[in-house]
Number of protein chains: 2
Amino acid sequence: MTAVTYEHIKTCKQTGARLGIVHTPHGSFETPAFMPVGTQATVKTLSPEELKEVGAGIILSNTYHLWLRPGQDIIEEAGGLHKFMNWDRPILTDSGGFQVFSLSEFRKIEEEGVHFRHHLNGSKLFLSPEKAMEIQNSLGADIMMAFDECPPFPATREYMKASVERTSRWAERCLGAHARPADQALFGIIQGGEFEDLRAQSAKDLVSLDFPGYAIGGLSVGEPKDIMNRILEHTTPLLPQDKPRYLMGVGSPDSLIDGAIRGIDMFDCVLPTRIARNGTLMTSEGRLNIRNAKFERDFRPLDEKCSCHVCKTYSRAYIRHLIRADETFGIRLTSYHNLHFLLNLMEQVRDAIRHDRLGDFREEFFESYGFNKPNAKNF
Amino acid sequence: MTAVTYEHIKTCKQTGARLGIVHTPHGSFETPAFMPVGTQATVKTLSPEELKEVGAGIILSNTYHLWLRPGQDIIEEAGGLHKFMNWDRPILTDSGGFQVFSLSEFRKIEEEGVHFRHHLNGSKLFLSPEKAMEIQNSLGADIMMAFDECPPFPATREYMKASVERTSRWAERCLGAHARPADQALFGIIQGGEFEDLRAQSAKDLVSLDFPGYAIGGLSVGEPKDIMNRILEHTTPLLPQDKPRYLMGVGSPDSLIDGAIRGIDMFDCVLPTRIARNGTLMTSEGRLNIRNAKFERDFRPLDEKCSCHVCKTYSRAYIRHLIRADETFGIRLTSYHNLHFLLNLMEQVRDAIRHDRLGDFREEFFESYGFNKPNAKNF
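Residues numbered from 1 in each chain as written. Chains lettered and ligands numbered in written order. Predicted model: local features only at pLDDT ≥ 70, side-chain atom pairs only at ≥ 80, totals over all residues. Heavy atoms only, no water.

Draft legend 1. Geometry of the overall build of chain A. Helix and strand counts for chain A come out as 15 helices and 16 strands. Computed over the C-alpha atoms, the radius of gyration of chain A is 20 Å, within 12% of the 21 Å expected from 2.2 N^0.38 for a compact globule of 379 residues. Principal-axis analysis of the C-alpha atoms gives chain A an extent of 60 × 50 × 40 Å. For chain A, restricting intrachain contacts to residue pairs at least 6 apart in sequence, the fraction spanning at least 24 positions comes to 65%. Entry remark: accessible area of chain A is about 14,100 Å², with carbon and sulfur atoms responsible for 48%. One way to put it: in chain A the 45 positive side-chain charges average out to a point 4 Å from where the 50 negative ones average out. (Helix = DSSP H or I, 4+ residues; strand = E, 2+ residues; numbered from the N terminus. Rg over C-alpha atoms; globule rule 2.2 N^0.38 Å. Contact = heavy atoms within 4.5 Å. Areas by Shrake-Rupley, 256 points an atom, 1.4 Å probe, with all protein chains shown as cover. Lys, Arg positive; Asp, Glu negative; His and termini not counted. Charge placed at Lys NZ, Arg CZ, Asp CG, Glu CD.)

Draft legend 2. Expanded view of the confidence of the model for chain A. Of the residues in chain A, 98% reach a pLDDT of 70 or more, and the chain-wide mean stands at 95. With a pTM of 0.97, the predicted complex shows an ipTM of 0.97. (pLDDT = per-residue confidence, 0-100.)

Draft legend 3. Expanded view of the packing of aromatic side chains. Residues and elements named next belong to chain A. Under the defined criterion, the tally for this structure stands at 30 aromatic pairs over all chains. Taking 6.1 Å as the distance between ring centres and 35° as the angle between the ring planes, the aromatic pair formed by tyrosine 64 and phenylalanine 116 counts as tilted. With tyrosine 64 in helix H2 (residues 63-68) and phenylalanine 116 in strand S8 (residues 114-117), this pair connects stretches of sequence that are 52 residues apart. Judged by centre distance (6.1 Å) and plane angle (80°), the rings of phenylalanine 211 and tyrosine 214 are edge-to-face. Overall, the relative accessible area of 0% leaves phenylalanine 211 in the buried class. Put simply, the rings of Phe341, Phe361, Phe365, Phe366, Tyr369 and Phe371 pair up and form one aromatic cluster. Just above the ring of tryptophan 87 sits the side chain of lysine 52; from NZ or CZ to the centre is 5.9 Å. (Phe/Tyr/Trp six-rings, centres within 6.5 Å; stacked < 30°, edge-to-face > 60°. Buried < 20%, exposed > 50% of the residue type's maximum accessible area, 1.4 Å probe, protein only. Lys NZ or Arg CZ within 6 Å of the ring centre and 35° of its normal.)

Draft legend 4. Inspection of unusual backbone geometry at higher detail. With an omega of 10°, the peptide bond running from A:Arg69 to A:Pro70 counts as cis. Tracing the backbone shows A:Pro70 in the loop between H2 and helix H3 (72-77). Its identity as a non-glycine residue notwithstanding, B:Ala41 has a phi of 65°, on the positive side. Looking at where B:Ala41 falls in the secondary structure, it is placed in the loop between strand S4 (33-35) and helix H1 (48-53).

Draft legend 5. Expanded view of helix H6 (residues 129-139) of chain B. Counted residue by residue, H6(B) has 8 buried out of 11 residues, so it is predominantly covered. Remark: B:Gly140 follows H6(B) within two positions and exhibits a positive phi of approximately 80°.

Draft legend 6. Focus on a nonpolar patch on the surface. On the surface, a nonpolar cluster with roughly 240 Å² of combined accessible area is contributed by A:Phe98, A:Phe153 and A:Val221. Along the chain, the position of A:Phe98 falls in helix H5 (residues 97-102). (Patch = residues over 30% accessible without salt bridge, like charges linked within 9 Å, V, L, I, M, F, W, Y side chains within 5 Å. Salt bridge = Lys/Arg side-chain N within 4 Å of Asp/Glu carboxyl O.)

Draft legend 7. Quick look at the sheet that holds strand S1 (residues 5-11) of chain A. Residue and element names in this part refer to chain A. In space, the 3 strands of this open sheet follow the order S1-S2-S3, with antiparallel pairing throughout. Whereas interior strands pair on both sides, the edge strands pair on one side only; in this sheet they are S1 and strand S3 (27-31). Recorded for the sheet is a direction-independent mean angle of 15° between the axes of neighbouring strands. Sheet analysis places S1 next to strand S2 (residues 18-24), joined by 6 bridges and oriented antiparallel. The partner of lysine 10 across the bridge, within S2, is leucine 19. Seen against the sheet, helix H14 (residues 328-354) touches S1, S2 and S3 and runs at an angle of roughly 120° to S2. (Pairing = 2+ DSSP bridges. Axes fitted to C-alpha atoms, helices over the stretch in contact; angles between N-to-C directions.)

Draft legend 8. View of the side chain of A:Arg199. Residues and elements named next belong to chain A. Relative to the assigned elements, arginine 199 resides in helix H8 (residues 196-208). At 7.2 Å, glutamate 223 is the nearest oppositely charged side chain to arginine 199, a buried residue that forms no salt bridge. If sequence neighbours within four positions are ignored, arginine 199 has contacts with Ile190, Gln191, Gly192, Gly193, Ile216, Gly217, Gly218, Leu219, Ile231, His234 and Thr235.

Draft legend 9. Quick peek at the relation of the copies chain B and chain A. Relative to chain A, chain B is turned by 180° and slid 0.0 Å along the rotation axis, the superposed coordinates differing by an RMSD of 0.0 Å. On this basis, the relationship between the two copies can be described by a two-fold rotation axis. Across chain B, the smallest distance between a C-alpha and the rotation axis is recorded for B:Thr328, namely 3.6 Å. (Least-squares fit on C-alpha atoms with pLDDT ≥ 70 in both.)

Draft legend 10. Main features of the interface of chain B and chain A. Facing 37 residues of chain B, the contacting portion of chain A comprises 37 residues. Together, B:Tyr318, B:His321 and B:Glu327 form the three largest contributors to the area buried by chain B at its contact with chain A, with a combined 17%. Applying the counting criterion to the chain B and chain A interface returns 8 salt bridges. Here B:Glu77 ties to A:Arg297 by a salt bridge, and the two come within 2.7 Å at their closest N and O atoms. At the junction of chain B with chain A, the criterion picks out 24 residue pairs in polar contact (both at pLDDT 80 or more). Of the residues forming the side of chain B that touches chain A, the biggest block, 5 residues, is contributed by helix H13 (residues 316-324) of chain B. Considered class by class, the residues forming the side of chain B that touches chain A number 17 nonpolar, 9 polar and 11 charged. (Buried area = accessible area lost by both parts, 1.4 Å probe. Polar contact = N/O pair within 3.5 Å; in protein donor to acceptor, adjacent residues only side chain to side chain. Nonpolar A, V, L, I, M, F, W, Y, C, P; charged D, E, K, R; others polar.)

Draft legend 11. Summary view of the packing of helix H9 (residues 225-235) of chain A against helix H10 (residues 253-261) of chain A. All names here are of chain A. In the contact formed by H9 and H10, the axes pass within 10 Å of each other and the chain directions differ by 20°. Of the possible angle classes, the one that applies to H9 and H10 is roughly parallel. Once H9 is placed against H10, the crossing between them reads as right-handed. Where H9 abuts H10, its residues Lys225, Met228, Asn229 and Leu232 lie against Asp254, Ser255, Asp258 and Gly259. Its residues assigned to classes, the contact of H9 with H10 shows 2 nonpolar, 3 polar and 3 charged. (Parallel < 35°, antiparallel > 145°, perpendicular 65-115°, else oblique. Left-handed = near helix turned anticlockwise from the far one by under 90°.)

Draft legend 12. Region of the structure containing the UniProt feature "binding site: Zn(2+)" (unreviewed entry) in chain A. Residue and element names in this part refer to chain A. In this numbering, the UniProt entry assigns the feature "binding site: Zn(2+)" (unreviewed entry) to Cys306, Cys308, Cys311 and His337. Taken along the chain, the residues just named run across 32 residues; in space they keep tight, none of their C-alpha pairs more than 8.7 Å apart. One can find cysteine 306 in the loop between strand S16 (286-289) and helix H12 (309-313). On the basis of relative accessible area, cysteine 306 is assigned to the buried category, the value being 15%. For cysteine 306, the contacting residues outside a window of four places in its chain are Cys311, His337 and His340. Looking at where cysteine 308 falls in the secondary structure, it is placed in the loop between S16 and H12. (UniProt positions renumbered as here; feature names shortened; annotations may be inferred.)

Draft legend 13. The layout of surface pockets, seen in detail. All names here are of chain A. Empty space within the second largest pocket amounts to approximately 1,100 Å³. Forming the boundary of the second largest pocket are 43 residues, of which Asn62, Phe98, Gln99, Ser102 and Val270 lie nearest the centre. Looking at the lining of the second largest pocket, the elements that each hand over two or more residues are H2, H5 and helix H11 (271-277). The residue makeup of the lining of the second largest pocket, split by class, is 20 nonpolar, 16 polar and 7 charged. (1 Å grid on protein atoms, 1.4 Å probe; cavity = no way out; pocket = protein on both sides within 12 Å on 5 of 7 lines; lining within 4 Å. Points joined across faces, edges and corners; volume = space filled by probe spheres on them.)

Draft legend 14. Representation of the pairing of strand S9 (residues 124-127) of chain B in the model. Residues and elements named next belong to chain B. Here S9 shows a clear split, with Leu125 and Leu127 buried on one side and none of Lys124 and Phe126 buried on the other. Strand direction decides the pairing type here: strand S8 (residues 114-117) and S9, joined by 4 bridges, are antiparallel. Counterpart to valine 114 in the pairing with S9 is leucine 127. The hairpin turn running from S8 into S9, its antiparallel successor, is 6 residues long, and glycine 122 in that turn takes a positive phi close to 80°.

Draft legend 15. Just the pairing of strand S2 (residues 18-24) of chain B, in detail. Residues and elements named next belong to chain B. With 6 of 7 residues buried, S2 is to be regarded as a mostly interior element. Counting the residues that bridge the hairpin from strand S1 (residues 5-11) to S2 gives 6 residues, and of these glycine 16 lies at a positive phi of roughly 85°. As defined by bridge partners, S2 adjoins strand S3 (residues 27-31) across 5 bridges and the pair is classed as antiparallel. In the strand pairing of S3, glycine 20 is matched with threonine 31.

This is the structure:
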């Protein structure tokens, strides 16, 4: 018995992209899906009600941050993360691994786990597969992630091979330590960097452990997009058809479409909310930065083709004023719009799969958004 | 013809407080009323929809800030402040005078107006009665304020007398410069500091000019509360019964009640939202600071007797976590709660007037909130 299952609806005849539904203890969401990131038990600036308005079916929260503050014991005592933050739809928590490797200092990786120092106060910490499971079991997300090593890009083949093998051993320990498999599904993470044979080895190891879902990690870490696409093309065919596939840390519109075309079902990224706080908006005609002087007297909506509450209500001139004046309400409006944009894009992607035209949709979208199209797949 | 009228409903038999309705071009609001402050065309962190949820009938915005950024011409081009910020209920704008005297540097006061320097970039600026009217006419608020001099506390009698006389001459110039009296009502401001005879002189001067409403300025600037109450008791009887009376810059719960008892109809203050951003909450049992360690595992609402959305939905532990983690959503929740608390308090005040028991209500409220009661009026 597993807490999370994947229901396949159809495959796009034009691209091979998958339309599906992921079922969890907190309800279902359609895939391909984008997950907004709520690092500290809040998707920055927005309320749960607003996340539903913009169409979020599932959100991600970060184990590393919640472990350090407020502490998973407090969240468990509150009745779990859903109740703590008032979000009754599905949640996925990462393992903390990525933050240990990207935020912390003085890392020492051992077979047992990773010793490191707190990125804010310098205190000594230790995270292991068992500890990552213990924390995630306390948080109570619908989907938990295995504790993996996240090697830097680029890494040597030798380093990467050892890392992949350790990640497989850690994945097995995670499965063994997971205390609530009937309530929470544990996904394995395939590593291997840009080395196709190591990706294959990692996939083989993890699939043999029979996880209810698989993530592809270690991409979108600075490598060119053609490497990401090549690795996806190589890796997703090695994964079971009846389990969800999650590409970690990817959220630019082109990569969401190109990932879906390569068989990915789930994505997450801080990109839409992070750039929003800097005044950068995603629109049907590409990016714009609302701080630009040319928007000073522009009383049009952020995106004239957008149907979101912000675009129906506020002008570029007003939002520019708020952002320049460092008003919190400004970053609420830009965060809301960007998340609506990406979640609406995923809805368009699902609709295009339904009508076997995701390839055509890609062409149209890339044209209007202003993307180059070097990585187009041959259909 | 005047844009704003006061409808008197009844006087509290126990205290003399007034229950009324102020009618404006953007609808009516009941008095005594508290006005949340939206300095830069936004009540910090909150949406217009949320302001309506917490019961705001009118908001205040600051002429000085909007003049400097984004500039009143942009707001006029947007169709006025209501449309610019998406607030369709009444708005009051101050004159900019208070900010000139509190924020700016190198002030030089002349009969013509005030020369000063921008509080952020140091540029040279000049504000006068005519300029303050021009800006406020562009902003288009329902209620505008006359440009007055705001003397420091304490000030000598000699200084205050000259200031009061100048403020009266400036008030007359404001009336003459006001371009849209049918759409916007201009209120006069009574000054005079703690000197009863100067307050009387100021009231007499301004009442003779027949403004559609009167404000009492220069209080809550550092003087003891008994001085404020004494000045109010002395001044409000000098004002016409059929015009609204506005006590500027006052927002602590005790002063709202004590002001209403002394015949005040309108109040404004940044207090509820400013302390909210620091984690300080107003509750039925007095103030609490949510950063306090004792709330770490407190899963009760901010105020167990409060019916607001925040108290119905979130725990002290969660809000404490958000505030400590510098999450914007935390100050949204605390700002929302504090404004709800004060606006709900005003509703209770109006209800108490309706039932001729505002004196009793004062006793009960001061007891539960933990206020001392030295300034109780004899009923």
